[in-house]
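# Fold and geometry: a report
Residues per chain are reported as follows:
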Amino acid sequence: MPATVVVGTQWGDEGKGKFTDLLARDMDMVVRYQGGHNAGHTLVVEGRTFKLQLVPSGVLSPHVTPIIGNGVVVDPLVLIAEMDQLAAGGIDCGRLRVSGNAHLILPYHQALDVVTERHLGRNKLGTTKRGIGPAYADKAARVGLRVQDLLDPKIFREKLGVVLHEKNPLLAKVYNRLPFDPEAMAQQYLEECGPRLAPHIADTVGLIHDALDTGGNVLLEGAQATFLDLDHGTYPFVTSSNPVAGGACVGAGIGPRHIDRVIGVTKAYVTRVGSGPFPCELTDEIGDHLVDVGHEYGTNTKRRRRCGWLDTVMLRHAVRVNSLSDLAITKLDVLDDLDPIRVCVAYDIDGERHHSLPYHQSDIHRAVPVYEDLPGWRTDLTGVSDRSELPRQADDYLRFIEEQAGVPASLVGVGPGRDQFLTYRPAP
Ligand code: GDP
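This text gives an overview of the structure that appears in the document. The shown structure was predicted, so the numbers you read here are calculated from the model rather than taken from an experiment.

## Focus on the overall build of the protein
Check the secondary structure of the protein and you find 12 helices and 20 strands. Here the C-alpha coordinates of the protein stretch approximately 65 × 50 × 40 Å along the principal axes. Per-residue burial over the protein gives 56% buried out of 428 residues. A fraction of 76% describes how many contacts in the protein between residues 6 or more apart in sequence connect residues 24 or more apart. In the structure as shown, the protein presents an accessible area of about 17600 Å², 52% of it carried by carbon and sulfur atoms. Distance between charge centres in the protein, computed from 44 positive and 54 negative side chains, equals 4 Å.

Here it is, written out as structure tokens:
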């Protein structure tokens, strides 16, 4: 069976978790393919809220095998804590599998994340300071430790010794921090994490292909989003991995021909956490309204998100770089009280109109959004469960997004609850 990818089309927090959870009902396997414990999905199930950082959303569906793919960076202590938390909430994590090739986040990664952000001062990237960027940097520099190394004390100690030989002087001499003791660290990780994670560590590439070969449905779950992509985002204010659909191939170990549906999760407006350009940002009372009504605070970091009107210049770019087949639009209900509702359809940059995203970052910083105003619906949408119940203005708004994006919207979210959505069009 072909695989489906779910990817965010903006700067993250689009509500991917809810739709991944919804789609997982028909899946046999849900795979995370990049990122680390900065994903922060919030799922509301039967009134209970689960905050997942690392474990794929599919863990809540008992028939799903949740997989942490080779493209993810894993803090093993966080993973264990999350499994414990889920178990305490009655969720069984026994089926969870973690790629032996995934790289480990270790304490020096986090220490370096903190000091390098501080060092950048006003140019800081706004990272979550969890060591994710430094772990990916070590992976690229080929000095990373992998999940499989937790099962081999000799290799673990050897690699850790080599890497700390470089990191310790960096931490101590450049950043004035205490060095790490390699033996104490090795002992802690090999004793605490190795045996605990051993039953979950697997050849996930083999498992994913076995599922595909035997007709299983596989969902590949992206964390962060298109404009936080290392290659395609607003660099350097990006994440250190590739959330775009192509990243799913690398981070899970499948070729593009296995994927036949790519769903772009799009919030009905736009939010962004941390630094970086944001042409449609609203710093007025409408921006405050979106923060309040949409509860736009980071799941993990609690940081207030910057808010703005929907930007279809970005959306069209996301359609291209991900080859999106359809959209899942979230949080339509957050716009219930606004009238008119503005949609950015182009940018004006130095007197010139641009309908597609300029490649030069400075142009994005200077872009002035060109808006079209659509009438609001001024109706509570949170109880709507069928397209036919949508007020005409809400239906027009969705069709306008489809026209601008050039792809259909299949699902629409009208509230935070698991069942607060409607099928707008059948799956392509
Ligand atoms: P993710 O990282 O993309 O999964 O996004 P988050 O989990 O950080 O943010 C999603 C938040 O929005 C959660 O609190 C969801 O319960 C909530 N949410 C998801 N879809 C909707 C929706 O359609 N309407 C409203 N009001 N909230 C939603």
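Following the structure, the description resumes.
## Things to note about the sheet that holds strand β11 (residues 259–267)
Strand order in the open sheet made by the 10 strands is β9-β7-β5-β2-β10-β1-β11-β15-β19-β20, with mixed pairing throughout. Two strands bound the open sheet, and with one partner strand each, they are β9 (201–202) and β20 (421–423). The sheet contacts of helix α8 (residues 245–252) involve β1 (3–8), β2 (29–32), β10 (218–221) and β11, and relative to β1 the element is tilted by about 120 degrees.

## Digging into the packing of aromatic side chains
In this structure the tally under the stated criterion is 3 aromatic pairs. Taking 5.8 Å as the distance between ring centres and 55 degrees as the angle between the ring planes, the aromatic pair formed by Trp-377 and Tyr-397 counts as tilted. You can see Trp-377 sitting in the loop between β18 (368–374) and α12 (392–405) and its partner Tyr-397 sitting in helix α12, a full 20 residues away along the chain. Look at Tyr-397 and you get buried, because its relative accessible area is 1%. Through a chain of ring-to-ring contacts, three or more aromatic side chains come together here, namely Trp-11, Phe-227 and Phe-278. Looking at Lys-18, its charged tip hangs above the ring of Phe-19, at a distance of 5.8 Å from the centre. Over the face of the ring belonging to Tyr-424 we find Arg-387, whose NZ or CZ atom lies 3.9 Å from the ring centre.

Definitions and limits used
- Residues numbered from 1 in each chain as written.
- Predicted model: local features only at pLDDT ≥ 70, side-chain atom pairs only at ≥ 80, totals over all residues.
- Heavy atoms only, no water.
- Helix = DSSP H or I, 4+ residues; strand = E, 2+ residues; numbered from the N terminus.
- Buried < 20%, exposed > 50% of the residue type's maximum accessible area, 1.4 Å probe, protein only.
- Contact = heavy atoms within 4.5 Å.
- Areas by Shrake-Rupley, 256 points an atom, 1.4 Å probe, with all protein chains shown as cover.
- Lys, Arg positive; Asp, Glu negative; His and termini not counted.
- Charge placed at Lys NZ, Arg CZ, Asp CG, Glu CD.
- Pairing = 2+ DSSP bridges.
- Axes fitted to C-alpha atoms, helices over the stretch in contact; angles between N-to-C directions.
- Phe/Tyr/Trp six-rings, centres within 6.5 Å; stacked < 30°, edge-to-face > 60°.
- Lys NZ or Arg CZ within 6 Å of the ring centre and 35° of its normal.

Any functional reading would require information beyond the geometric quantities listed.
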